[in-house]
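# Observations on the model geometry
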Amino acid sequence: MMEEKKYDVIILGGGAAGMTAGIYLGRSKVNAVVLDTGTVGGQMVLTYEIANYPGVELTTGYQLSSTMKKQAKSFGCQIKTNVKITDLSLDGAEKTVTVGDKTIYKAPALIIATGGRSRMLNVPGETEFKGRGISYCATCDGDFFQDKEIIVVGGGNSALEEAVALTKYASKVTILHEFDHFQAFEHAVEEVKANAKIDFIMESHIIEFWGDESLRGVKYKNLKTGEVHEKAIDGVFIFIGYEANTDMIKNTPVELNSRNEIAASEKMETNLPGVFAAGDCRAKQFRQITTAVSDGTIAALNAINYIHGK
Ligand SMILES: Cc1cc2nc3c(=O)[nH]c(=O)nc-3n(C[C@H](O)[C@H](O)[C@H](O)COP(=O)(O)OP(=O)(O)OC[C@H]3O[C@@H](n4cnc5c(N)ncnc54)[C@H](O)[C@@H]3O)c2cc1C
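Read on for a plain summary of the structure.

## A word on the pairing of strand β19 (residues 235-238)
Covered by surrounding structure in β19 are Gly235 and Phe237 together with Val236 and Ile238, the residues of both alternating faces. Note that strand β12 (residues 134-135) and β19 share two bridges and pair parallel. Note that in β19 the partner of serine 135 across the bridge is phenylalanine 237. The sheet contact formed by strand β13 (residues 149-153) and β19 spans four bridges and is parallel. Bridge assignment links isoleucine 151 to a residue of β19, and that residue is valine 236.

The structure is reproduced here in structure tokens:
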């Protein structure tokens, strides 16, 4: 026998977007629940230092997400972590989320805030050495590389910022990037260029990881000359962008674009009435904590309008 739990709004995902929606809904006395398949905090928890969140000079991702969680809970938003979602029905007037084989959550409105995950290079050896020298999270694994030599793959803001953070541990950080320039903010580019511990391999791709029980090195190809080189290395951190966490949404009538990101309007409305999308899971130009927080705010306020028939 299924236990039924009724809410005004269900929020899928408790990252910056979902938690902000929870804060706004709770503060408006709207009965809301966050259902997260992991622990809340999302990508914030993977970020070593956050220096660009307005009003907070410098903080860790863990600290910022803990404060958001505390704030949402203090306004009455419920938070359920590590849930196993077994069914999702979004097209009726009542949206339902089945968790395990015991509980069915029901609400007239639902906000999808399932965020994204790091993209893999998908080259030989990557899966084998993942967690044994290959990482996608400086905060989680940086400490393992004290006085070691590492490579950071990527040329966007995340790659450059995390490369600088990793110099606190590593003796040397080599940034390996496929183009001859970076796609990052100017201050981030200046910071890596000024750091004596950082050097660069440009216009190159890693084509293979090799090692024994741990990663020992990489083969990389210069894309201009076609030459293949080998480099012994202790660790590789990969920051080459993201994929939206929409695997579960693919089985619903919610409209996705060709990159599997949710198509939502300026009001965060999807093509389904009462279903909103916020944060990195939706199609948009910039993916930052500030933009996720903005999306979460707009989605929550429009979900309130929706349930009040406005
Ligand atoms: C290494 C790194 C460094 C970064 N540095 C910065 C920075 O310095 N400043 C900045 O502003 N931004 C930074 N960003 C980007 C920023 O962290 C993200 O844009 C922002 O946190 C996205 O928030 P979100 O809530 O949309 O998604 P996420 O943070 O991805 O949260 C999504 C949540 O949904 C949960 N979830 C996933 N699938 C499901 C499902 N099917 N059902 C229920 N729950 C689900 C996940 O467990 C997660 O908790 C960085 C990102 C990375 C990876």
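There's more to say after this.
## Digging into the site of the ligand
Around the ligand sit 30 residues, and of these Ala17, Asp36, Gln43, Asp280 and Ile289 come closest. Taking aspartate 36, its side chain carries an N or O atom lying 2.6 Å from an oxygen atom of the ligand. In this structure, an oxygen atom belonging to the ligand sits 3.5 Å away from a main-chain N or O atom of arginine 287. Secondary-structure elements contributing two or more residues to the shell around the ligand are α1 (16-27), α5 (157-166) and α7 (289-307). Among the elements that line the shell around the ligand, the one with the most residues is α5, at three residues. Among the residues forming the shell around the ligand, the class breakdown is eight nonpolar, 17 polar and five charged.

Thresholds applied
- Residues numbered from 1 in each chain as written.
- Predicted model: local features only at pLDDT ≥ 70, side-chain atom pairs only at ≥ 80, totals over all residues.
- Heavy atoms only, no water.
- Buried < 20%, exposed > 50% of the residue type's maximum accessible area, 1.4 Å probe, protein only.
- Helix = DSSP H or I, 4+ residues; strand = E, 2+ residues; numbered from the N terminus.
- Pairing = 2+ DSSP bridges.
- Near = heavy atom within 4 Å.
- Polar contact = N/O pair within 3.5 Å; in protein donor to acceptor, adjacent residues only side chain to side chain.
- Nonpolar A, V, L, I, M, F, W, Y, C, P; charged D, E, K, R; others polar.

Just distances and angles here, no functional claims.
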